Amino acid sequence: MNSRETQTIDDLIVQALQAQVKDVQPPSRIWRRVRRRAMTWCVCRKPESSPGLKVNLAAMFHVESPFFPSTGRIRNDSVTMRMLELRLVGRAESFFRFV
Amino acid sequence: MGIMHPDGRLVVRLRVGDIDALGELYEKYKTKISRTALAITRDPGAAEDISQETFMRLFTHAEHIYTDVPVGPWLYRVAVNLSHTWIQRQRRRPGLLEEVLDRLMAPLHLVPERMMERKEIQETVQQAIANLPLTHRTVVVLFYLESLSLKEISDILEIPEGTVKSRLHYARKQLKGLLSERRAVPEVVYEFT
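To start, this report covers the structure provided alongside it. The shown structure was predicted, so the numbers you read here are calculated from the model rather than taken from an experiment. Numbers given to residues run from 1 along each chain, matching the order in which its sequence is written. Both sets of labels track the order of writing: A upward for chains, 1 upward for ligands. Local features in a predicted model are, by the rule used here, given only for residues with pLDDT of at least 70; side-chain atom pairs are given and counted only at 80 or more, and totals for whole chains, interfaces and linings are based on all residues.

1. Thoughts on the packing of helix α7 (residues 134-145) of chain B against helix α8 (residues 150-157) of chain B
Residues and elements named next belong to chain B.
For step 1, the next point in the chain: Simply put, an axis is a line fit to the C-alpha atoms, just over the touching stretch for a helix, and the angle between two N-to-C directions goes from 0 to 180 degrees. Only DSSP runs of H or I covering at least 4 residues are called helices, and only runs of E covering at least 2 are called strands; the numbering of each starts at the N terminus. Packing of α7 against α8 leaves a shortest axis separation of 10 Å and a crossing angle of 135 degrees. In terms of axis orientation, α7 runs oblique to α8. Crossing of α7 against α8: the hand is right-handed. Along the contact surface, α7 presents Thr-138, Val-139, Leu-142 and Phe-143, while α8 presents Ile-153, Ile-156 and Leu-157.
For step 2, the next point in the chain: Classifying every residue of the contact of α7 with α8 by side-chain character gives six nonpolar, one polar and no charged. Convention used here: angles under 35 degrees read as roughly parallel, angles over 145 as roughly antiparallel, angles from 65 to 115 as roughly perpendicular, and any remaining angle as oblique. Crossing handedness is defined as follows: a turn of the near helix away from the far one that is anticlockwise and smaller than a right angle gives a left-handed crossing, while the clockwise case is right-handed. For every residue pair, C-beta atoms are placed from the backbone, and the pair is scored as a contact if these atoms sit within 7 Å. Here the term charged refers only to Asp, Glu, Lys and Arg, the term nonpolar to Ala, Val, Leu, Ile, Met, Phe, Trp, Tyr, Cys and Pro, and the term polar to all other amino acids, Gly among them.

Encoded structure:
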């Protein structure tokens, strides 16, 4: 293959690949999913050290209860946070039945 | 360890669960990672999942990522590996091989019946690239689409530079053969003279 052929092939490959992904923009839902998963991971991994994250996560999941209102200040105590963790991992309903 | 790279400062923040730092890295690399996954898998849905998983792994593996180098090569490596895994799983699914091959061969965007000659050639080249072995296609995508150097590709794929070169050479040779069969090369040669 001479240099002109190589250059032609190179140009064709670049044009074809660029056309293939032209205007491809990652949809915003990817970031929303990544963010939610990352926050959930933080809460599950270090539940004792991330009260702020839990509050944000609660807002994101529209978690509301007398224990953690969606507006106003949230009580940063161990009981509230434990309740929030349980709610966030989807076990709150069963937990509340035994309260 | 050397001087901390700007990406490294963000990686340090990731280690303590800083979601905003993840957002900054996502904004910086999202397009590169998405289009790499798309170019390898040729499946928009898979590319979305792979992008998501790649950045999630960045967050959960931040402890193990070097802070004195850009995080891009690490992300490329993860995205490429996930893309390969996705393709291999598709191939293993019984009864779906033909469907996968058809999809790999198909253009991502439908084109009008009376498309320009250039579009036809592009489609031919895209199909030719899709026909390359996965390892070669990956090198082609990283080299031509992402404009990465041989050294960078060598680092990302953890293969010698010589192997990168030989895969590119093989890919060009294969493409030339396939394009010649379709008479795409001579036409374009004239176009460039």
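2. Focus: unusual backbone geometry
All names here are of chain B.
For step 1, the next point in the chain: The phi angle at Ser-147 is positive, at roughly 55 degrees, despite the residue not being glycine.
For step 2, the next point in the chain: With 9 C-beta atoms packed within 10 Å, Ser-147 lands in the exposed category.
For step 3, the next point in the chain: For Glu-158, which is not glycine, the phi torsion reads 55 degrees and is therefore positive.
For step 4, the next point in the chain: Within the secondary structure, Glu-158 sits in the loop between α8 and α9 (161-181). To assign burial, the other C-beta atoms lying within 10 Å of each residue's own C-beta are counted, with C-beta atoms placed from the backbone; 20 or more indicates buried, 12 or fewer indicates exposed, and intermediate counts indicate partly exposed.

3. Notes on the interface of chain B and chain A
For step 1, the next point in the chain: At the junction of the two partners, chain B supplies 35 residues and chain A supplies 32 residues.
For step 2, the next point in the chain: With nine residues, helix α2 (residues 19-41) of chain B is the single largest residue contributor to the side of chain B that touches chain A.
For step 3, the next point in the chain: Among the residues forming the side of chain B that touches chain A, the class breakdown is 21 nonpolar, eight polar and six charged.

4. A few points about the environment of B:Glu161
Residue and element names in this part refer to chain B.
For step 1, the next point in the chain: Checked against the element boundaries, Glu-161 lands in helix α9.
For step 2, the next point in the chain: Overall, the presence of 14 C-beta atoms within 10 Å leaves Glu-161 in the partly exposed class.
For step 3, the next point in the chain: Distance in space between the C-alpha atoms of Glu-161 and Leu-150 is 6.0 Å, their sequence separation being 11 residues.
For step 4, the next point in the chain: Residues contacting Glu-161, with those up to four places away along its chain left out, are Leu-150, Lys-151 and Ser-154.

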